[in-house]
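So the chains spell out like this:
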Amino acid sequence: MKVLKFGGTSVGSATNIKKVKEIVLSQNDDVIVVVSALGGITDKILTAANNAATGTSDFHTELTEIRQRHHDTMHELFNGNEPIREVVEKLLDELEQILTGITLVGELTAKTLDRIAGIGERMSSQIIAAFIGAERKDSSLLIQTDSNFGKASVDFQVTIKNIKEEFAGFRGIAVAPGFISKNSKGEFTTLGRGGSDFTAAIIAAALDVEVLEIWTDVNGFMTADPRVIRKAYTIPELTYSEAMELSHFGAKVIYPPTILPVYQKGIPILIKNTFEPENPGTRIVKDVRNGFDRPIKGISSISGITLLTMQGIGMVGVTGISMRLFTALARVNVNVILISQASSENSISVAIEEKMLSKAEQAICEEFEKEIASGQVNKIDIEKEVSVVAIVGENMKKTTGVAGKLFSTIGRNGVNIIAIAQGASELNISWVVKNEDLRKTLNVVHESFFLSEFVELNIFLMGIGTVGGNLLQQLKQQQEKLLKEKHLRVKLTGVANSKKMLFEREGIDISEFRDKLAQAEKTSSLQGFVDEMKDMNIYNSVFVDCTASDNVASVYKEILNANIAIVTANKVAASSDYENYAELKRIAKRKGVKFLFETNVGAGLPIINTLNDLVNSGDRILKIEAVLSGTLNYIFNTISEDIPLSKTILMAKEEGYSEPDPRIDLSGVDVARKILILARESGYRIEMEDISIKRFVPDSLFNGTLDEFWEGVPGLDAAFETERKKLVAENKKWRFVARFENGKAEAGLEVVDASHPFYDLEGSNNLVMYTTERYHEFPMLIKGYGAGASVTAAGVFADLIKVSNI
Ligand code: ADP
Ligand code: ASP
Ligand code: MG
């Protein structure tokens, strides 16, 4: 014999009930079918009752809906020929009468509520039994409880006897309502919300059936609630203990008390999907057969929690405090979900349901009245709007480092953990976070422990000019490959230009982002962008700065402090005051997020990375010599008899090599910033003022407006041409060289001959030479394209990949 339980969604409509019938009839065994109310009906009954009691709003709206749902369902199932119409109608009338009674009295007791809460099950079981053509058994006559209305405790002795008697010699198919029961006086009670699972388990255990099948609307017990974690997947097998822990901590797929009766009898539970019956679902058994051997099986959470902390130096070493605390809470029926006590015994925290707060607080204050008055116990601390999260898995026992990995992962994502508890059984680690951090916590933990099929990286991009635009193109081209080969899903989660900004948690389709951004409602503002990123509070977030703006650089601290990584092509921050640069690096380190700016020097060339590797592996940088301006190198490689200096500058701008204002390149400021950054990354404390720059363009051209600059520049052409001819004759070339040695940095135009490594430096290429303790006689050379939107974007992309840690 089998017991099959179908939940609210499974019996939510005529179409679904037809599916249920198919499933039931396809069993080649005797079957007891336990059913919930039609989906949503119990909620409606409870709302109607509350409305009736408070008189705030009429209960008829709900009642009409309840009637309509049942009429429609019966109509469709029985083609208008409704054999049980009368029975259902009577139950609906009973409901109406009691609701009217509640309105008149203006009061709703738990007892009255239980009188009507199960009417949904009483109706659904009638309809389904008739539709399947099965016998209906009345669970409320079989399951006897105490009189704790709302969540009654079962008298197993009487109940088991009743069930055994009722089903003695039973063959065929029976349908019974879930959830409902009666006390010894014959008054209706209920088994608690979600209690139909429990009804099925009680019957299964009493009859010692072969299997208890819970049919619901998902493919079994999943690694997390699929409504919250899209990437959750089905767990093929769970032990009873694991299922118990997960459901206790909020995995609604099964009502926690369900497990005990079947566990005692060793009856396996199968969780199946009514809408995908061919899916194997989840088996819950005593020992898991095959090695589904991840340390953690699942993660679940409960919201609507308050954390109560009792604190006081007077509590240290005093015996009986915890006992009194829990007894006081038990007296008022407050269920303690989590307990955490410091070993100093200075404080003890308990997590309870928020709705129990006032009861709990009063009970504690009464119990510890004397200690509070004498100051032995300070006032009780209350932290509202928190959630409890738990990871569960029997294999945690055998695995070290789970807690370490767990909390460092959560911490790196900027989530504050308010309290922690781990049972000595090591089956479960649970902790408390603010409600607003719950989604992020679940995602982070799911991703890092369940080896979700992929890691997600959430990009917030500011600046969609040449570099930003190119980056998005490259991203779009690589998205699929990264997902397939590296299991990395890179999402554009936020984007802004100077006018508008756009955010989408699920990711913006890059092929449409320009149109979408143009139509976006939000006007762009830097602080607005930062606030939105922080509010979205998404794990694995990275801010990408593809602007050249001082303002944008000024918000890096705030961003890093919010545990959002930064990848930037903007040189302003790394070349700002040393203190600011150092502070940014410190924050990033403290918060465990990356702050990467490889493209600040030599675009996509691995110049900073290499430097970091050298320094981190114990090498010391003695000298850096470099051609660091793609623009200047392009200019001095392009200048010729036919192309004067002024034209080369214009060409450099048009090619996209120069900064938007080419004077930043010509003045040597750009090069100075780069050598400054390299010196700092080599470990030297150095400021912009410490760098001496020898300009090759008169100061007067830098002082006016950009237009005046363009007007004045051709005036230099003749002198440069004379000089150039001389160099050609001597087989020499101009190079704008930056140098760092003995803590001093300088930059200026130099003349090199054919023997110098800088001589053959084509186009806009860059070259860096590191002379170090290890690379002494022959310095290390890094050479290649040092400017241009696409190589810069590629460098930014490479930094992004580094952030994702794949
Ligand atoms: P039923 O009405 O069939 O009893 P419930 O709504 O009580 O169904 O439980 C099924 C729901 O539980 C699923 O739709 C799912 O959203 C939720 N759920 C929460 N945690 C989990 C989990 N770990 N695995 C599967 N479902 C879960
Ligand atoms: N109908 C009840 C509820 O919604 C019992 C159940 O469906 O399990 O809580
Ligand atoms: Mg349920």
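That block above? That's the structure.
Rules and cut-offs
Residues numbered from 1 in each chain as written. Chains lettered and ligands numbered in written order. Predicted model: local features only at pLDDT ≥ 70, side-chain atom pairs only at ≥ 80, totals over all residues. Heavy atoms only, no water. Buried < 20%, exposed > 50% of the residue type's maximum accessible area, 1.4 Å probe, protein only. Helix = DSSP H or I, 4+ residues; strand = E, 2+ residues; numbered from the N terminus. Near = heavy atom within 4 Å. Polar contact = N/O pair within 3.5 Å; in protein donor to acceptor, adjacent residues only side chain to side chain. Areas by Shrake-Rupley, 256 points an atom, 1.4 Å probe, with all protein chains shown as cover. Nonpolar A, V, L, I, M, F, W, Y, C, P; charged D, E, K, R; others polar. Axes fitted to C-alpha atoms, helices over the stretch in contact; angles between N-to-C directions. Parallel < 35°, antiparallel > 145°, perpendicular 65-115°, else oblique. Contact = heavy atoms within 4.5 Å. Pairing = 2+ DSSP bridges. Core = buried A, V, L, I, M, F, W, Y, C linked by side-chain atoms within 4.5 Å. Phe/Tyr/Trp six-rings, centres within 6.5 Å; stacked < 30°, edge-to-face > 60°. Lys NZ or Arg CZ within 6 Å of the ring centre and 35° of its normal. Salt bridge = Lys/Arg side-chain N within 4 Å of Asp/Glu carboxyl O.

It is worth spelling out helix α9 (residues 196-206) at this point. The element α9 is largely enclosed, with a buried count of eleven among its eleven residues. Residue D208 follows α9 closely and has a positive phi angle near 50°.

Our focus in this paragraph is unusual backbone geometry. Its identity is not glycine, yet N537 carries a phi of approximately 50°, on the positive side. On the secondary structure map, N537 appears in the loop between α19 (526-536) and β22 (541-545). Under the relative-accessibility criterion, N537 is labelled buried at 16%.

This part covers the site of ligand 1. Lining the immediate environment of ligand 1, one finds 16 residues, of which G8, T216, D217, M222 and R227 sit closest. Side-chain polar atom of D217 to an oxygen atom of ligand 1: 2.8 Å apart, as the coordinates give it. M222 has a polar backbone atom sitting 2.8 Å from a nitrogen atom of ligand 1. When the free accessible area of ligand 1 is taken as 570 Å², the share hidden by the protein chains comes to 90%. Looking at the shell around ligand 1, its residues break down into seven nonpolar, four polar and five charged.

Residues in close proximity to ligand 2 include S36, T42, E121, F179, R193, G194, G195 and S196, which together make up its full environment. One of the side-chain nitrogen or oxygen atoms of S36 is found 2.9 Å away from an oxygen atom of ligand 2. Contact between ligand 2 and T42: a nitrogen atom at 2.7 Å from a side-chain N or O atom of the residue. Notes on ligand 2: free accessible area 260 Å², of which the protein chains cover 86%. In terms of residue class, the shell around ligand 2 is made up of one nonpolar, five polar and two charged.

A word on the packing of helix α8 (residues 156-167) against α9. Close contact between α8 and α9 brings their axes to 9 Å; oriented N to C, the two are set at 70°. When the axes of α8 and α9 are compared, the pair comes out roughly perpendicular. In contact with F156, T159, I160, I163 and K164 of α8, α9 contributes F198, I202, I203 and A206. Looking at the contact of α8 with α9, its residues break down into seven nonpolar, one polar and one charged.

All right, on to the side chain of R724 then. Inspection of the secondary structure assignment puts R724 in helix α30 (residues 717-729). When sequence neighbours within four positions are dropped, the list of residues in contact with R724 reads I639, S640, E641 and W734.

What follows is about the pairing of strand β12 (residues 298-311). Burial within β12 is extensive, with ten of its 14 residues counted as buried. With nine bridges connecting them, β12 and strand β15 (residues 381-392) associate as antiparallel partners. Counted as the bridge partner of S300 is A390 from β15.

This next bit is on the nonpolar core. One finds L461, L471, F543, V544 and Y770 to be the most contacted residues of the largest nonpolar core, which totals 111 residues. Here this core gets seven residues from one element, more than from any other, and that element is helix α27 (residues 669-681). Sequence-distant contacts of V544, defined by excluding residues within four places in its chain, comprise I459, F460, L461, M462, L471, V567, V796 and L800. In this structure, A37, A48, M74 and V88 belong to the second largest nonpolar core, which totals 44 residues.

With that out of the way, let us pick up the sheet that holds strand β4 (residues 144-145). A sheet is described by the order of its strands in space; here three strands give the open sequence β4-β6-β7, paired in mixed fashion. Two strands in the sheet have a free side with no partner beyond their single neighbour: β4 and β7 (188-190). Judged from the three bridges that link them, strand β6 (residues 180-183) and β7 form a sheet pairing that is antiparallel. Across the sheet, S181 pairs through a bridge with T189, a residue of β7.

Scanning the model with the defined rule gives 23 aromatic pairs in all. Ring geometry for F6 against W215: centres 5.8 Å apart, planes inclined by 20°, an arrangement best described as stacked. With F6 in strand β1 (residues 2-6) and W215 in strand β8 (residues 211-216), this residue pair connects regions lying 209 residues apart in the sequence. The burial state of F6 is the same as that of W215; both residues are buried. An aromatic cluster of three or more residues is present, and its members are F460, F503, F529, F543, Y556, F595 and F597. Here K733 stacks its cationic end above the ring of Y759, 4.3 Å away from the centre of that ring.

The next point concerns the sheet that holds strand β16 (residues 419-422). Ordered in space as β13-β14-β12-β15-β17-β16, the six strands form an open sheet in which the pairing is antiparallel. Taken across any chain shown, the strands that pair with only one partner, and hence form the sheet edges, are β13 (336-341) and β16. Between one strand axis and the next, the sheet turns by 30° as a mean value, whatever way the strands run. Packing against the sheet, helix α13 (residues 357-367) makes contact with β12, β14 (347-353) and β15, and its axis sits at approximately 35° to β12. Here helix α16 (residues 438-449) sits on the sheet in contact with β12, β15 and β17 (428-434), set at roughly 125° to β12.

In this section: the pattern of salt bridges. Per the stated rule, a full pass over the model turns up 52 salt bridges. Its salt-bridge partner being E213, residue K2 comes within 3.2 Å of it at the nearest N-O pair. Of this pair, K2 sits in strand β1 while E213 sits in strand β8, and the two are 211 residues apart along the sequence. Each member of the pair, K2 as well as E213, is classed as buried. Between D43 and R193 there is a salt bridge whose closest N-O contact spans 3.0 Å. Of the two residues, D43 sits in helix α2 (residues 41-54) while R193 sits in the loop between β7 and α9, which places them 150 residues apart along the sequence. Using a relative accessible area of 42% as the deciding quantity, one classes D43 as partly exposed. The partly exposed category is assigned to R193, whose relative accessible area is 45%.

Take the environment of I269 next. Checked against the element boundaries, I269 lands in strand β10 (residues 269-273). For the pair I269 and D515, spaced 246 residues apart in sequence, the C-alpha separation works out to 52 Å. Once you skip the residues sitting within four places of it in the chain, I269 turns out to touch L212, I214, Y240, I254, I259, V262, T282, R283 and I284.

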